[in-house]
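Structural features, examined
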2 protein chains.
Amino acid sequence: MKTLLKNGSVVNVFTGEVTRADVLLDGERILGVGEYERADLVRDLTGCYLCPGLIDGHIHIESTMLLPDEFARAAVPHGTTAVVADPHEIANVCGASGISFLLEASESLPLTVYFTLPSCVPSTEFDEAGARLTAADLEPFYSHPRVLGLAEVMDYPAVIAREADAMEKIEAALARGLVINGHAPLLTGRALDRYIAAGIGDDHECSSVEEAEERIRKGQRVMIRQGTAAKNLETLLPLFEEPWAHRCMLVTDDKHPADLLRGHLDESIRLAARAGKNPVTGIRMATLWAAEHFGLKRMGAIAPGYWADLVVLGDLADMSVRDVYCAGVRVVKDGRMEDFKPPQVAAALRNAVYSAFQMRPVEHFHIEAQGRRRCRVIKLLKGELLTEEWITELDFDRENGVDVERDIVKLAVVERHRGTGHRGLGFLSGLGLKYGAIASSVSHDSHNLIVAGADERDMVYAAERVSALGGGCVVVRDGKTLAELPLPVAGLMSDRPADELARRNEQLRKRAYALGIPEEIEPFMPLAFLSLPVIPHLKMTTLGLLNVDERRLVPLFVDGM
Amino acid sequence: MKTLLKNGSVVNVFTGEVTRADVLLDGERILGVGEYERADLVRDLTGCYLCPGLIDGHIHIESTMLLPDEFARAAVPHGTTAVVADPHEIANVCGASGISFLLEASESLPLTVYFTLPSCVPSTEFDEAGARLTAADLEPFYSHPRVLGLAEVMDYPAVIAREADAMEKIEAALARGLVINGHAPLLTGRALDRYIAAGIGDDHECSSVEEAEERIRKGQRVMIRQGTAAKNLETLLPLFEEPWAHRCMLVTDDKHPADLLRGHLDESIRLAARAGKNPVTGIRMATLWAAEHFGLKRMGAIAPGYWADLVVLGDLADMSVRDVYCAGVRVVKDGRMEDFKPPQVAAALRNAVYSAFQMRPVEHFHIEAQGRRRCRVIKLLKGELLTEEWITELDFDRENGVDVERDIVKLAVVERHRGTGHRGLGFLSGLGLKYGAIASSVSHDSHNLIVAGADERDMVYAAERVSALGGGCVVVRDGKTLAELPLPVAGLMSDRPADELARRNEQLRKRAYALGIPEEIEPFMPLAFLSLPVIPHLKMTTLGLLNVDERRLVPLFVDGM
């Protein structure tokens with residue numbers, strides 16, 4: 001069937017030109033750009049712009065807490081027609097089954113979901129993850145047509161040291177001529193050279209122009225990230241000019257549901273345009289230049305033979321999306337997503353991800369100690385994922401060491417993949433919690449249960465409530481659930497729509513503030529990173545406190561008693 | 001082994017910057033660009049420039065008449081470290097064996113010879129070629145690591161009509177994600193759209209800026225050609241500016257040995273620089289942008305992990321090549337090629353290409369006719385490959401129709417692949433030949449024997465001499481060979497070095513001029529195209545005269561007697 005989109009202004013991503021032209025589609029492909037009169041279906045786009053569908057070069061769909069179909073419903077109305085997803089989070093919980101689940105759950109959507117394969121599961125030897133993925137485990141996935149390469153190789157020390165495990169995964173992708181995504185924040189000079197020389201093709205962790213320019217000069221493509229936690233766009237605005245721009249892409253990495261409802265790559269382009277940058281440059285980054293990086297043939301442009309993923313915009317600088325075409329079919333009309341049938345996933349895979357939360361019942365979070373003891377306390381730093389080690393004296397005869405006056409609450413991480421009962425237990429400062437407890441099954445990268453509380457019994461209640469939900473986030477006080485967000489899919493994702501998740505998240509936040517957490521803190525964000533053993537300095541794991549810098553577990557007590 | 005190239009000015013093809021820096025090589029790859037002191041081998045490049053090795057995106061090695069090793073000896077000193085060759089000519093003579101021969105003969109050279117597979121063998125149904133290559137015949141070659149795609153799809157009417165044979169070849173390359181080279185001179189508008197939409201990725205036949213711009217806007221990459229016969233660089237100079245430049249490459253297509261000795265892509269960049277264009281733009285076209293088009297990973301740049309193909313230049317605008325590194329090894333020093341061992345080719349393949357010339361002995365070139373007859377004469381147009389049909393009266397009682405006063409000589413094309421004795425015989429005007437005969441086994445695309453003569457016996461002698469040589473070019477007068485160039489490899493190539501071929505070509509030319517051919521004509525050039533059935537208007541084939549426009553054979557006589 002031939003569809004004619006008449007009288008629009010067409011963005012040519014090869015040249016940067018914007019020209020009045022008609023676009024003729026033949027089924028799922030573009031037949032031509034020029035002047036046409038007749039087709040089976042003619043749509044008038046007078047006054048509108050037409051650009052290729054936007055491609056997010058790096059996203060963890062799990063961070064949106066949405067299943068791929070609900071993710072599509074939220075993202076496509078923003079002009080997104082393809083993403084390259086790294087299923088790192090679900091792989092840490094469910095291993096290869098998690099990757100297979102997301103592959104099946106993203107089949108035949110009105111959005112093309114590509115994947116790069118998680119390279120670091122678990123992230124370190126201190127992670128009690130739900131799985132361990134070797135090069136051999138990744139191997140079978142390379143035959144999938146939507147797998148484009150190896151995902152962010154975070155363990156850059158292993159790459160620089162040319163460690164066998166890391167190199168085996170890299171060589172497998174290189175041998176297939178596939179992309180290897182990088183992740184090397186602040187790495188520079190010869191160490192960066194050695195990392196890149198291994199074959200790492202891009203980086204999405206640049207937080208300064210200098211960092212980005214060094215990477216581009218050294219052959220990497222830079223992904224300009226604008227997500228929920230990390231927002232690098234404003235800092236990296238100079239990259240919207242040549243000679244940098246054509247070596248850049250736009251990505252989000254992690255994006256929470258409420259944020260995603262507000263905007264996706266359209267937002268990045270809009271923000272850049274408001275700062276005086278040419279929106280066409282942003283569109284080129286988010287289309288052709290991303291497609292070329294990933295070796296996606298005949299995608300990312302409006303030209304003969306190209307895949308008919310198209311966005312109709314009311315305005316270029318505002319990136320106001322009116323309609324979206326996916327493979328020649330209009331899937332968004334006047335900003336509203338057309339309904340579609342979610343893909344069927346094999347029962348075995350569904351069962352695997354819906355039964356992934358396996359925690360041994362928690363009896364208590366009591367620490368066997370008396371009197372005043374000098375302890376290591378994890379200290380949160382405002383607005384940062386970094387923590388500090390704070391050594392201070394706690395009175396175990398009063399509240400078992402908890403001291404809300406000094407903003408010291410209890411923190412526990414409980415293994416939840418195999419019901420081992422392993423748990424780390426200690427103290428946290430800087431969250432501001434005064435009453436009750438908050439708990440979550442989203443805690444990077446191994447996603448064990450994490451719970452912080454001013455009250456020991458509320459902590460137990462919160463942990464058990466998350467367990468009863470099969471994963472999720474809860475806010476508890478006085479033995480009662482004040483708010484909860486069930487995340488039954490691997491303890492990471494919901495099967496509800498984005499707006500419902502956004503509302504529930506908002507409720508969680510409000511209830512958490514009622515427990516004393518100050519409003520400048522996004523309550524579940526520090527919680528999600530307090531057990532990530534690759535960010536300095538002191539973290540809590542299922543094995544206990546970890547000194548990240550020294551890569552060793554350390555005892556809670558420092559008084560040697 | 002680590003090699004350090006110190007103190008050069010390094011061309012960064014990602015950004016276009018030229019910066020003072022050291023380059024450290026580790027074996028065949030680049031380790032880093034920066035400041036280094038120590039290595040196993042240190043070479044000082046003070047005052048010199050370093051750029052990536054140049055990549056010719058489209059060349060027929062057969063047109064240089066050189067075997068790949070001798071081609072390397074001639075081309076690499078010009079900074080060429082890789083070419084993408086289309087073995088179209090040898091495939092027309094020897095079929096799959098010809099392709100295999102060139103693959104083996106180009107193995108492990110100090111030059112990387114990639115291939116795209118000839119798509120149109122034979123070029124038309126009127127070609128009595130030595131082989132016919134179907135999609136199934138090409139199939140096995142795709143597993144070769146140096147095969148990058150499908151070569152110039154010249155039969156654009158077949159593509160536009162979506163004919164099964166052509167589409168089968170195209171689909172096979174598309175399915176592998178490989179490049180499909182185009183060849184569609186002057187095609188425009190919707191016909192061009194339809195040709196491109198089939199998946200054709202580039203074009204090297206642009207002879208105007210408008211033609212090139214249309215192709216770039218429609219997603220193709222444009223190859224700016226500067227060869228021996230077709231020189232498009234000067235016309236296409238505006239493409240050296242953005243937004244066009246980054247969608248262009250530099251190629252030569254056909255280049256004769258003497259021309260190749262004078263320059264290769266270095267010459268294109270130099271010419272552009274003399275016309276005021278930035279030589280760095282030319283270098284980017286001839287390196288990274290070519291590598292990206294063909295999906296060559298980590299080639300075409302000086303950056304960590306990239307293949308260490310490098311050129312040391314005395315000057316950027318002059319492109320004066322001093323040294324060339326191939327995979328980290330210096331293969332050209334001070335402009336002189338280091339010696340290397342030519343590759344071994346399997347005996348069966350050698351035999352196939354060295355015994356490809358199989359012509360039935362020629363007894364005469366006499367035409368059975370008496371008196372004055374009205375005939376179709378092929379008329380050469382000065383400086384063009386186009387010919388015209390000239391109908392005039394010839395006197396067969398005098399010299400069997402030959403009339404050197406009116407510049408009318410005899411022309412014959414004799415089948416030489418299977419000894420069928422098929423031959424076309426007629427008349428040619430515009431060559432200027434007054435005595436003797438010239439003959440050649442290089443005649444596009446089927447490379448049958450072609451001979452033009454003022455003297456019938458000399459024509460027989462010339463044809464038999466070419467046959468005795470197993471292919472080649474000869475100039476004959478009064479039953480004596482005045483000059484000859486043996487081309488024993490498929491009747492297309494010599495196994496001698498470029499300078500010897502250049503000298504012998506020069507001799508051929510001089511002797512041909514002594515036969516009356518005016519010096520503004522390159523004598524064997526019109527001969528090489530007089531039987532090519534895809535260039536209008538009247539051509540000679542082994543089946544007789546061909547009206548190209550009407551795609552039908554026409555009789556010599558038009559008087560109906």
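Every chain's residues receive numbers from 1 upward, in the order its sequence appears when written. Chain A is the first chain written and ligand 1 is the first ligand written, with later ones labelled in order. Side-chain atom pairs in this predicted model are given and counted only at pLDDT of 80 or more, local residue features only at pLDDT of at least 70, and totals for whole chains, interfaces and linings cover all residues. The side-chain numbers reported here are obtained from all heavy atoms of the structure, hydrogens and water having been left aside.

1. Notes on the relation of the copies chain B and chain A
Superposition of the copies was done by least squares, using only C-alpha atoms of residues whose pLDDT is at least 70 in both. Under the fitted operation, chain B is carried onto chain A by 0.0 Å of movement along the axis and a turn of 180 degrees, and the coordinates agree to an RMSD of 0.1 Å. In short, the pair behaves as if placed about a two-fold rotation axis. Residue Gly295 of chain B, judged by its C-alpha, is the member of chain B lying nearest the rotation axis, at 4.0 Å. A shared binding surface is used by both copies, with 97% of the interface residues of chain B retained as interface residues in chain A. We call two residues in contact whenever any of their non-hydrogen atoms come within 4.5 Å of each other.

2. Topic: the environment of Gly149 of chain A
Residue and element names in this part refer to chain A. By the secondary structure assignment, Gly149 is in strand S9 (residues 147-153). With 21 residues separating them along the chain, Gly149 and Ile170 place their C-alpha atoms 9.3 Å apart. Not counting the four nearest positions on each side in its chain, Gly149 is found in contact with Phe115, Thr116, Leu117, Tyr142, Leu178 and Val179. Only DSSP runs of H or I with at least four residues qualify as helices, and only runs of E with at least two residues qualify as strands; both kinds are numbered from the N terminus onward.

3. Remarks on helix H7 (residues 189-197) of chain A
Buried within H7 of chain A we find Leu192, Asp193, Tyr195, Ile196 and Ala197 of chain A. Residues of H7 of chain A that are buried in the fold lie against S9, helix H5 (156-160), strand S10 (179-182) and helix H8 (209-217) of chain A together with strand S3 (29-34) of chain B. A positive backbone phi angle near 120 degrees is found at Gly199 of chain A, which sits one or two residues after H7 of chain A. Exposure is judged per residue with a 1.4 Å probe applied to protein chains only, and the accessible area is read against the type maximum: over 50% gives exposed, under 20% gives buried, and values in between give partly exposed.

4. Regarding the side chain of Thr3 of chain A
All names here are of chain A. Checked against the element boundaries, Thr3 lands in strand S1 (residues 2-11). Overall, Thr3 belongs to the buried group, its relative accessible area being 3%. Beyond its immediate sequence surroundings of up to four residues, Thr3 is in contact with Val23, Leu24, Leu25, Ala39 and Leu41.

5. Re the sheet that holds strand S19 (residues 387-395) of chain B
Sheet strands line up and pair through hydrogen bonds in the backbone, either parallel or antiparallel. Residue and element names in this part refer to chain B. Two strands are said to pair when DSSP picks up at least two bridges between them. Strand order in the open sheet formed by eight strands is S19-S18-S21-S20-S23-S22-S24-S25, and the pairing between neighbours is mixed. Either end of the sheet is taken by a strand with one partner, and the two such strands are S19 and strand S25 (480-486). Put simply, the sheet's adjacent strands are angled 25 degrees from each other on average, direction ignored. Looking at chain direction, strand S18 (residues 372-380) and S19 are connected through nine bridges and run antiparallel. Bridged to Ile378 within S19 is Glu389. Those strands touched by helix H14 (residues 456-469) are strand S20 (408-414), strand S22 (437-440), strand S23 (449-453), strand S24 (472-477) and S25, and its axis lies near 150 degrees from that of S24. Fitted lines through C-alpha atoms serve as axes, helices being fitted only where they are in contact, and the angles separating the N-to-C directions of these axes extend from 0 to 180 degrees. Packing against the sheet, helix H15 (residues 498-514) makes contact with S22, S24 and S25, and its axis sits at approximately 150 degrees to S25.

6. Here's the deal with the state of the cysteines
What we call a disulfide is simply a covalent bond connecting the sulfur atoms of a pair of cysteines. In plain terms, two cysteine sulfur atoms within 2.5 Å form what is called a disulfide here. Inspection of the entire model under this criterion finds zero disulfides over all chains. The thiol sulfur of Cys94 of chain B is not disulfide-bonded, and the nearest other cysteine sulfur, from Cys473 of chain B, lies at 16 Å.

7. Some remarks on unusual backbone geometry
All names here are of chain A. A cis geometry characterises the amide bond from Val121 onward to Pro122, with omega recorded as -5 degrees. Topologically, Pro122 is positioned in the loop between strand S8 (112-117) and helix H4 (135-138). Note the cis peptide between His444 and Asp445, where omega equals -15 degrees. Locating Asp445 in the fold gives a position in the loop between strand S22 (437-440) and strand S23 (449-453). Here the phi dihedral of Ser108 falls at roughly 55 degrees; this positive angle occurs in a residue that is not glycine.

8. A word on the packing of aromatic side chains
Classification of ring pairs rests on two measures: the distance between centres of Phe, Tyr or Trp rings, Trp counted by its six-membered ring, which must be within 6.5 Å, and the angle between planes, read as stacked under 30 degrees, edge-to-face over 60 and tilted in between. Across all of its chains, the model carries eight aromatic pairs over all chains by this definition. Judged by centre distance (5.8 Å) and plane angle (75 degrees), the ring pair of Phe14 of chain A and Tyr306 of chain A falls under edge-to-face. With Phe14 of chain A in the loop between S1 and strand S2 (18-26) and Tyr306 of chain A in the loop between helix H12 (288-293) and strand S14 (310-313), the pair connects residues that are 292 residues apart, well separated along the chain. The exposure class of Phe14 of chain A is buried, given its relative accessible area of 0%. Between Phe396 of chain A and Phe427 of chain A, the aromatic rings sit 5.8 Å apart at their centres with planes inclined by 75 degrees, giving edge-to-face as the arrangement. You can see Phe396 of chain A sitting in the loop between strand S19 (387-395) and strand S20 (408-414) and its partner Phe427 of chain A sitting in strand S21 (residues 423-429), a full 31 residues away along the chain. Overall, the relative accessible area of 5% leaves Phe396 of chain A in the buried class. By relative accessible area, which is 0% here, Phe427 of chain A ends up buried. Here the aromatic residues Phe396, Phe427 and Phe557 of chain A are joined through ring pairs into a cluster of three or more. Note on criteria: charge over ring means Lys NZ or Arg CZ within 6 Å of the ring centre, with the direction from the centre no more than 35 degrees off the ring normal. Over the face of the ring belonging to Phe340 of chain B we find Arg73 of chain B, whose NZ or CZ atom lies 4.1 Å from the ring centre.

It is worth stressing that arrangement in space is one thing and function is another; only the former is reported here.
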